[in-house]
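Residue-level structure breakdown
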2 protein chains.
Amino acid sequence: MTDAPARRQATIEDVAQAAGVSRAAVSKVLRNAYGVSDGMRERVTAAMTQLNYRPRIAARAMRGRTYTLGIELPDLSNHFFARIARGATAALDGTSYQLIIAPAEAGSREGMRALDALVDRQVDGVIAVSPRVDEARLERISASVPVVMFGRHDTSDRYDVVAGDDAAGGRAVMTHLLGLGHRRIAHLTLHESGAHEPFPHGVRLREYEAAMAAAGEDTVVWRTDEGETASYEVVRRMLADGSPMTAVFAAHDELAFGAMRAAAEARVPLAVIGYDDVPMASHPALGLTTVHQPGEAMGARAVEMLLERIAGRTEAAREIFDVELKVRTSAGAPAA
Amino acid sequence: MTDAPARRQATIEDVAQAAGVSRAAVSKVLRNAYGVSDGMRERVTAAMTQLNYRPRIAARAMRGRTYTLGIELPDLSNHFFARIARGATAALDGTSYQLIIAPAEAGSREGMRALDALVDRQVDGVIAVSPRVDEARLERISASVPVVMFGRHDTSDRYDVVAGDDAAGGRAVMTHLLGLGHRRIAHLTLHESGAHEPFPHGVRLREYEAAMAAAGEDTVVWRTDEGETASYEVVRRMLADGSPMTAVFAAHDELAFGAMRAAAEARVPLAVIGYDDVPMASHPALGLTTVHQPGEAMGARAVEMLLERIAGRTEAAREIFDVELKVRTSAGAPAA
DNA sequence: GTGAAAGCGCTAACAA
DNA sequence: TTGTTAGCGCTTTCAC
């Protein structure tokens, strides 16, 4: 009861007193600003470690930087997003910046709440991964903080863009399937995706439609909610209803896994192709043919762009990453 | 060039002026504190929406709460952790709190840096998932902010604990394998796990050893780095070296998938059991027998504990979740 | 029911 | 080279 005085976190003032210098001096050492003698730096550093001092980010925020970058992620269950985050985290290694992830909860208006939360916390830069965040709000946000949009195929002079080459990826899938002789090919995508939209799934859908039109075939678009389970249900129902499709181009790997499961269960030969190349896709038991996107590199590049902006760049940047079709085979499934 | 005046974010002062009231009044409306007339509330609210006002969290942090809970996650590639985060996010839905995730980068001292980053940002509560964070530091941190440790099986009166029943899970796995007639069973775990440690992998290892001893068999522990790929490499090498094992108990599903891949490639009949029950485990092409942990519920409970602490609870809490062995079969693999 | 004012921990301009 | 000081935006007594 007598020991352990309710211990307050040490402040810059405490450090200053312990070292016998002014707050400004400590602050300078902290930011290693110009004009500090070696002796002083030493005493201050000693006091800091002794007091276990850690600068409060909130106090810094009130004067400028927070040394924090934020990334908004729509779906932690999708391994591709984890790769982006991993690349972003790694790119910050060794810098004084920290990455924080704001998960967009399922129901919310597509990540707007998570994005706002990041901005409210005054991050020094934001990466937005949910495609359909409100355009106007995004423009406004990017007036006050650097923004990188992931996967958008339109352009803005306000924010930067990192995306995969979805058009090339979509074409590669369709060329491959048509080359294999498939004609009755369905596209499996989320309910909300529209072919006119400049988002990854929109572009993939557009390429599907274009390729089918060029081949003189009718398009068949299957719609599903997010996730392997929902995808499975949709495809199961389609197959049970006697769908004559021989192949499915799924908008991403999770959906593809669901489709594979439904086909395997129904013992229907259905060639399934995915998108993203999540780790499980290359497992021999699955052997999912898919389009590889360099998620880590893309995440790292997004962080670089933010750091460039913070360092002063003002023109908008934009980088489209090459993708690559990975052709794989699995035990029971038909050629895809 | 003439329009768009460098727009500053609206502050509480701006709102006060627009509404013709004092800053204090606005603050009260914001926190809906006692003593505000309806008329005033209305004018203030109007001014807020009109100016698009959003309170700065950093400024709030200097006086108290940040309305932010932080969770430190060791490995975004592991789907089980994504489930925890999902449960935690969902539990915060509808509250004024926001969850932020700090990813622990691979090399760092097991999440300490990420934890510190969270504390530096003055989150109102922390969930730590990396098992081997520095004990002393943890105690110190929990003096200033509520902490929930995930998966620890020792006790502390400083922080709360949420864990799965790893002892029961480990026993279930071993009982199952031994019941199937397996005798040469290896345990596949990470390099750093020790049987004496009160962490999930330590407990699982201990149960493995105990069961083998009880069965009068020698223990064989295979060590690997984190991840499916590393696990695959290790098991591939073991099989190539002519290991006589007929079954493997993997410390978690990712490692199990790697083992399955190695066995499939080597065409060696190897029964593999995992832990966690990530979504892919139930895919029929994989059919991984594994121990199910209710990740979402565990994440949600951790958040609840934090909110209880914030609301004033002072005694330490501790909850161990039941787990369940899921027996599955896949096409090519031997009974597991 | 409403407002004045102090102060949280830090940075940076300026003075010494 | 070092120290003084004015805020940053908010919450919270405490008067009125």
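Residues numbered from 1 in each chain as written. Chains lettered and ligands numbered in written order. Predicted model: local features only at pLDDT ≥ 70, side-chain atom pairs only at ≥ 80, totals over all residues. Heavy atoms only, no water.

In the annotation of an unreviewed UniProt entry, the entry for chain A reads LacI family DNA-binding transcriptional regulator, and the organism field reads Microbacterium yannicii.

**A short note on the sheet that holds strand E6 (residues 185-190) of chain A**
All names here are of chain A. We apply this condition: Pairing between strands is defined by DSSP: at least two bridges between the two strands are required. Helix numbering and strand numbering both begin at the N terminus, where a helix is a DSSP run of H or I of at least 4 residues and a strand a DSSP run of E of at least 2. Think of each axis as a best-fit line through the C-alpha atoms, taken over the contacting stretch in the case of a helix, with angles from 0 to 180 degrees between the N-to-C directions. Working rule for contacts: check all heavy atoms of both residues, and any pair within 4.5 Å makes them a contact.
Taken in spatial order, the four strands line up as E7-E6-E8-E9 in an open sheet, and their pairing is parallel. Each edge of the open sheet is held by one strand with a lone partner, namely strand E7 (220-224) and strand E9 (271-273). Here the average twist between neighbouring strands, direction ignored, is 25 degrees. As paired strands, strand E8 (residues 247-250) and E9 are joined by three bridges and run parallel to one another. Along E9, the bridge assignment pairs Val248 with Val272. Sheet contacts for helix H10 (residues 228-240): E6 and E7; angle to E7, the most-contacted strand, approximately 140 degrees.

**Examining the domain arrangement of chain A**
How large an interface is tends to be reported as the accessible area lost when its parts come together. Selection rule: Reported domain spans reflect what an automatic or database domain assignment gives.
Assigned domains within chain A: domain 1 (12-62), domain 2 (68-164 + 295-321) and domain 3 (166-293). Relative to domain 3 of chain A, the C-alpha centre of domain 1 of chain A lies at a distance of 58 Å.

**So, the protein's contact with DNA strand C**
This is how the line gets drawn: Throughout this document, a residue counts as near a molecule or strand when at least one of its heavy atoms sits within 4 Å of that molecule or strand. Each polar contact in these results corresponds to two N or O atoms within 3.5 Å; when the atoms are within protein, one needs to be able to donate a hydrogen and the other to accept it, and residues that are neighboring in sequence are counted only if both atoms are side-chain atoms. When residues are grouped by polarity, Ala, Val, Leu, Ile, Met, Phe, Trp, Tyr, Cys and Pro land in nonpolar, Asp, Glu, Lys and Arg in charged, and all others, Gly among them, in polar.
For DNA strand C, the set of nearby residues contains 26 residues, the closest of which are Ile12, Arg23, Arg31 and Tyr53 of chain A together with Arg63 of chain B. One of the side-chain nitrogen or oxygen atoms of Arg23 of chain A is found 2.3 Å away from a base nitrogen of DNA strand C. Here a base nitrogen of DNA strand C and a side-chain polar atom of Arg63 of chain B are 2.4 Å apart. Class assignment for the residues of the surface near DNA strand C results in 13 nonpolar, five polar and eight charged.

**Examining the side chain of Arg204 of chain A**
Mapped onto the elements, Arg204 of chain A comes out in helix H9 (residues 200-214). A polar atom in the side chain of Arg204 of chain A sits 2.8 Å from the side chain of Asp166 of chain A.

**Here we look at the UniProt feature "domain: HTH lacI-type" (unreviewed entry) in chain A**
Formally: UniProt positions are given in the numbering used here, feature names are shortened, and annotations may be inferred rather than shown by experiment.
UniProt feature "domain: HTH lacI-type" (unreviewed entry): in the numbering of this structure it lies at residues 10-64 of chain A. Within residues 10-64 of chain A, the helical portion is 64% and the strand portion 0%, while the C-alpha atoms at the span's ends are 21 Å from each other.

**Structural notes on the relation of the copies chain A and chain B**
Convention followed: Residues below a pLDDT of 70 in either copy are left out; the C-alpha atoms of the rest, at least 70 in both, set the least-squares superposition of the copies.
Overlaying chain A with chain B gives an RMSD of 0.0 Å, the required rotation being 180 degrees about an axis along which the chain moves by 0.0 Å. Overall, the copies show the geometry of a two-fold rotation axis.

**Comments concerning the packing of aromatic side chains**
For clarity, the threshold we go by: In summary, the pairing rule links any two rings of Phe, Tyr or Trp, Trp by its six-membered ring, whose centres are within 6.5 Å, and it sorts them by plane angle into stacked for under 30 degrees, edge-to-face for over 60 and tilted for everything else. For the exposure calls, accessible area comes from a 1.4 Å probe over protein chains only, and a residue counts as buried if that area is under 20% of its type's maximum, exposed if over 50%, partly exposed in between. Two conditions define a charge sitting above a ring: the NZ of Lys or the CZ of Arg must be within 6 Å of the ring centre, and it must be within 35 degrees of the ring normal.
Considering all chains together, one arrives at four aromatic pairs over all chains under this definition. The interplanar angle of 55 degrees and the centroid separation of 5.5 Å between the aromatic rings of Tyr67 of chain B and Tyr97 of chain B together place this pair among those described as tilted. Linking Tyr67 of chain B in the loop between helix H4 (57-61) and strand E1 (68-73) with Tyr97 of chain B in the loop between helix H5 (79-92) and strand E2 (98-103), this pair joins segments that are 30 residues apart in sequence. What makes Tyr67 of chain B partly exposed here is its relative accessible area of 23%. Arranged with centres 6.1 Å apart and planes meeting at 50 degrees, the rings of Phe80 of chain B and Phe81 of chain B form a pair that is tilted. The exposure class of Phe80 of chain B is buried, given its relative accessible area of 6%. Across the ring face of Tyr275 of chain A, the terminal group of Arg204 of chain A is positioned such that the distance to the ring centre comes to 3.5 Å.

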